[in-house]
Every structure is written in structure tokens, then in C-alpha cells.
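Per-entry structural report
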Amino acid sequence: MQTAVKAIIEDVYARNPHEPEFLQAVQEVAEIIIPYMNEHPEYLKANLFERLVEPERMIVFRVPWVDDAGNFRINRGYRVQMNSAIGPYKGGLRFHPSVNPSILKFLAFEQVLKNSLTMLPMGGGKGGSDFDPKGKSDQEVMRFCQSFMTELHRHIGAETDVPAGDIGVGSREVGFLFGQYKRLANEFSGVITGKGFAYGGSLIRPEATGYGLLFFVEEMLKEKGDSLMGKVITVSGSGNVAQHAIEKAIQMGGKPVTASDSSGMIYDPNGIDLEKLAYIKELKNTRRGRISEYAEKYQVEYHPGKKPWHIPCDIALPCATQNELDEEDARVLIENGCMLVAEGANMPTTPEAVRRFQNLHITYAPGKASNAGGVATSGLEMTQNALHASWTAEKVESELKQIMQSIHSQCKQYGQNYNYIDYVKGANLAGFIRVAEAMLAEGHV
Ligand code: NDP
Ligand code: 2IT
């Protein structure tokens, strides 16, 4: 069995050199899926794994734009259309200087299995650019988004490929991207999700990833006969996912004590309450400032260059970026009594850290399960757009909660071990099987 995993993985390594994030994501999935495939010869015969790791299509393009000083600028744009077996490609766009094919392929690959777990008809994709929105004026961001969409528009569509936000792409960017698509295609459609409510967006989509994460954590705790009440929670990041994870954690009786950005972290031992969260939202979404300002305003500790994992907590929620929680962080978290880790970000925990959590049976959920609420609600936005309807916040939130509960049940069904749930195994197997069945049925495409 191990030989088969090794051979297939070696081939993926050989075909994708210099793509460490993509190989990291594939390795984790391969260790679960290939032994399962060995018991299902029809999957092996169809070379399903080899097909799963090969994007159906990758688009790379030049994005020319002009900055406020009149300089000609060039960035690189991408869309990875990974797998359309169960629906149109679906996944976010990331604008960050680190964006490259490895990062987008890892994200697109994770997206395929995540979208499958939602049980909604969405394939997997991801895109973005090495453009850095930080420090750019609104006009510069608009010109960039218009240029980016001028090329991307010919590759996407409400029934073809439906982008959304991710790091560096929030409501401002989605608005500009949608506006340009509409103009080029002469069509008002659900081509992108995360839209403003005024022009076809779904209520609760902005909140959905963070809220969904907490609904998932609630299920994980229920499984242990426990609840969020009184739990001390460390959160990394201070963007879309972190803000709404903090919000729902407070609503459920938890006590979030940290937030961070790429410059450092704040520690508020009294807990971030709704009023302080409103300050973070204004700071990050409107003024686009640094989290250090929170420490000045509320007279709490600021640790430049640090992540929150040295702060004692019951629950850790990494909500910033990939590989932000390493083995040493895991060791310190465990030493300080952390009992549960759930990923709001995509692949924030390094494989060594995951192993450490799993060896000690620290309850750990991978992002493809615990952060699927965002894309699930994007799916609900697509449904509302197709119906030309707009659902209430209560309806969307209740659907989101049910989807997170269903994802938890699937993890349990496929990951239940003697006395604990292996969420990595459960999420990967459940996500894979649906895609695999569709790929088999659709033939060798
Ligand atoms: P935002 O851009 O809104 O926020 C990102 C946050 O993470 C910021 O606080 C940012 O700090 C920090 N961050 C980004 N890159 C780094 C880095 N290299 N090192 C340290 N901190 C960093 O993005 P989101 O909140 O939307 O996304 C956060 C994570 O959640 C990502 O992994 C994304 O893929 C994942 N995700 C997002 C979903 C969504 O619906 N938005 C859905 C599912 C997963 P700074 O401002 O200093 O850069
Ligand atoms: O990683 C993710 O799931 C997202 N960034 C959300 C994708 C989406 O299409 O809503």
C-alpha cells in the first residue's frame, strides 16, 4: 500500500517541481485517498488520483494598469480551473504579492474537496494576482480590477466558473470586478459571489466563513459533551474570516483574546467584545490600518512580528494564511492546555504540527471542512441569483448552519476511529468520494 502511495506521490513531485504548497496539500490527501483507492480498483484503473492533481485548465495573463503617479505597472493574473466534475469551477481570487502557481494550485486542489463536502453543485478553482492592494488608492485598485477582469471575463461565467473573494479581495474588489464583467459581457448574472446586497449578493456571505467555522467548532465540542461557553479562544488574522469568527465566538459565549496581521498580534486578556470588534472592522475594512492601533487604543499588549500561539487558550483558530502554525507553535499550544484547533484559513497548520495534534488526540479540523461555510454560502448566493430571489439573513444563516452540521456528520461517518474522530481522514474521504463517482460516470475527460 505504502509503495503505491509513494509511486504516485513521486510522480506528482516530479511533474510539479518548485511547488511546495501544492505538493504539501497533495501529500496530505494522498495519504488518505490512495489506501482507499487500493480497495476500489475501479478508481485505480481510472487513474483518478493522477487526474485529480492535474488542473483541467490554467490561465496565466498579463495585467497592465496605471498608478496614480502615471507609472505603467504590470502584474500577473491567474485562474486555475481545477475540476468541474460536480459543477462549474468555484473558488476565490487572492491578491497578495506571494501569489504564484504553487499557492493557487494548492488552494484550487483543496477547493475541489471542500466544495464537494458542501453537497452543493460546485467544482473547484482558484485565481488571483501578485498585485498588492495594501497602500494602493481606491482608484488604483479599481483600475487594477478592471484590467484583471478585462482578460478574465472570457474564461468565466455563471455556469462556467464563478470566482469570489479570498485574501486581499473583499467587497470593494468584488464590486469593481463585477462592474467590469457586466460591462464586457453585457450581462447581469451571478458570475461572482460575495457581491454587495444591493446588486445581487447574499446576506450573510460576508460573515459566512467565520460563522461557519464556529458552527463547526460547536459540533466538534458537542461530540465531546462540551460547549463554547467560557472558552478562551486565540484567533490569528484580522480580515474577513477572523473578524466573523470573533463575532460568532462572542455570540456563542466564548472569549476571543487575540487578533493579528502580518506585522504582529494583540493580546486582550479581558476578551475582544462586540464594541472592540466594531473598532477592528472599521480599522481593517475602512481605514485599512494596522492591528497595532488596537493595542494603543485599548492599552493592551502588542507583540510585533509574533503570531498568537504562545497565548494560553482552550481553542485556537488560525484564520490568516497557509503554514502560519508550525510544530513549535503546536507544542506550545498543547503545553498550555489547548484542546481544539479548527482552521479558518486554508492549510494554516504545517504537516508536522498536524501530526503533533493528532498524536495527542487534540481535536483538529482541517480547513476544507471547517472553513467551508464561505463557499457554501457562495453556493447559496448562486442559487438566489439563478432564482432571481433574495433570502432573509435568518434563512441563509440557518442553511449555513445545517451545511456545517452535515459536513461534521460526513467527517464523523468517514473518520470515526475507536474513541475519536479523525477529521482529516473524514473530510478527505467524504469530499473525494463524491468527486470520484462523478468523474467515473463522466468518462475519461
Ligand atoms: P483577508 O485579506 O480579509 O485577511 C487576511 C488576514 O490574514 C489579514 O489580517 C492579513 O494581514 C493576514 N495575512 C495575510 N497574509 C499573511 C501572511 N503571509 N502572514 C501573516 N498574516 C497574513 O483574507 P480572508 O480573511 O478572506 O482570508 C484568510 C484566510 O482564510 C486565507 O487562508 C483564505 O484562503 C481563507 N479563507 C477565506 C474565505 C473567505 O470567504 N474569505 C473562505 C475560506 C477560507 P495583513 O493585512 O497584514 O496582510
Ligand atoms: O477558500 C475559500 O473557500 C474561499 N476563499 C471562498 C470561495 C468562494 O467561492 O466563496
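Preceding this paragraph is the structure being described.
The paragraphs below set out a description of the structure included in this document.

Conventions we followed
Numbering of residues starts from 1 in each chain and follows the order in which that chain's sequence is written. Note on labels: chains are lettered from A, ligands numbered from 1, in written order. Predicted model: local features are reported for residues with pLDDT of at least 70 only, side-chain atom pairs are reported and counted for 80 or more only, and whole-chain, interface and lining totals are derived from all residues. To get the side-chain values, take all heavy atoms of the structure and skip hydrogens and water. Here a residue counts as near a molecule or strand whenever at least one of its heavy atoms sits within 4 Å of it. Whenever a nitrogen or oxygen atom comes within 3.5 Å of another N or O atom, the pair is scored as a polar contact, on the condition that within protein one atom can donate a hydrogen and the other can accept it, and that pairs from neighbouring residues in sequence are kept only if both atoms are in side chains. Surface accessibility in these figures is a Shrake-Rupley result with a 1.4 Å probe; residues are shielded only by whichever protein chains are displayed. Numbering of helices and strands runs from the N terminus; a helix is a DSSP stretch of H or I covering at least four residues, while a strand is a stretch of E covering at least two. For this scheme, ten residues count as nonpolar: Ala, Val, Leu, Ile, Met, Phe, Trp, Tyr, Cys and Pro. Four count as charged, namely Asp, Glu, Lys and Arg, and the remainder, Gly too, count as polar. Partly exposed residues are those whose accessible area sits between 20% and 50% of the maximum for their type, while under 20% is buried and over 50% is exposed, using a 1.4 Å probe and protein chains only. Here, any two strands with at least 2 DSSP bridges between them count as paired. Geometry is summarised by axes, namely lines fitted to C-alpha atoms with helices restricted to the contacting stretch, and by angles between N-to-C directions that run from 0 to 180 degrees. When describing relative orientation, an angle under 35 degrees is termed roughly parallel and one over 145 degrees roughly antiparallel, while 65 to 115 degrees is termed roughly perpendicular and anything else oblique. Take the far helix as your reference; a near helix turned counterclockwise from it by less than a right angle gives a left-handed crossing, and one turned clockwise gives a right-handed crossing. Two residues qualify as a contact provided that any one of their heavy atoms is within 4.5 Å of a heavy atom in the partner residue.

**Remarks on the site of ligand 1**
Around ligand 1, the structure places 25 residues, and the nearest of them are D166, T209, S262, R290 and N346. One of the side-chain nitrogen or oxygen atoms of K134 is found 2.9 Å away from an oxygen atom of ligand 1. The side chain of N346 places a nitrogen or oxygen atom 2.8 Å from an oxygen atom of ligand 1. Here ligand 1 loses 83% of its free accessible area of 890 Å² to cover by the protein chains. Elements supplying a minimum of two residues to the shell around ligand 1: helix 8 (205–223), helix 9 (240–251) and strand 8 (258–261). Taken together, the residues of the shell around ligand 1 sort by class into five nonpolar, 13 polar and seven charged.

**Notes on the pairing of strand 8**
Side chains T258 and S260 project from strand 8 onto one buried face, and the interleaved A259 and D261 project onto a second face that is buried too. Between strand 8 and the antiparallel strand that follows it, strand 9 (residues 264–267), lie two residues.

**Considerations on the packing of helix 15 (residues 373–387) against helix 16 (residues 393–415)**
Here helix 15 crosses helix 16 at 130°, and the two axes come no closer than 10 Å. Relative to helix 16, the element helix 15 is oriented oblique. As helix 15 runs across helix 16, the sense of the crossing is right-handed. Where helix 15 abuts helix 16, its residues G373, A376, T377, L380 and Q384 lie against V396, E399, L400, I403 and M404. When grouped by side-chain class, the residues that make up the contact of helix 15 with helix 16 number six nonpolar, three polar and one charged.

**Considerations on the site of ligand 2**
Taken together, 14 residues lie near ligand 2, and K90, K114, D166, R205 and S378 sit nearest. One of the side-chain nitrogen or oxygen atoms of K126 is found 3.0 Å away from an oxygen atom of ligand 2. Looking at the shell around ligand 2, the elements that each hand over two or more residues are strand 3 (89–95), helix 5 (101–117) and helix 15. Classifying every residue of the shell around ligand 2 by side-chain character gives two nonpolar, seven polar and five charged.

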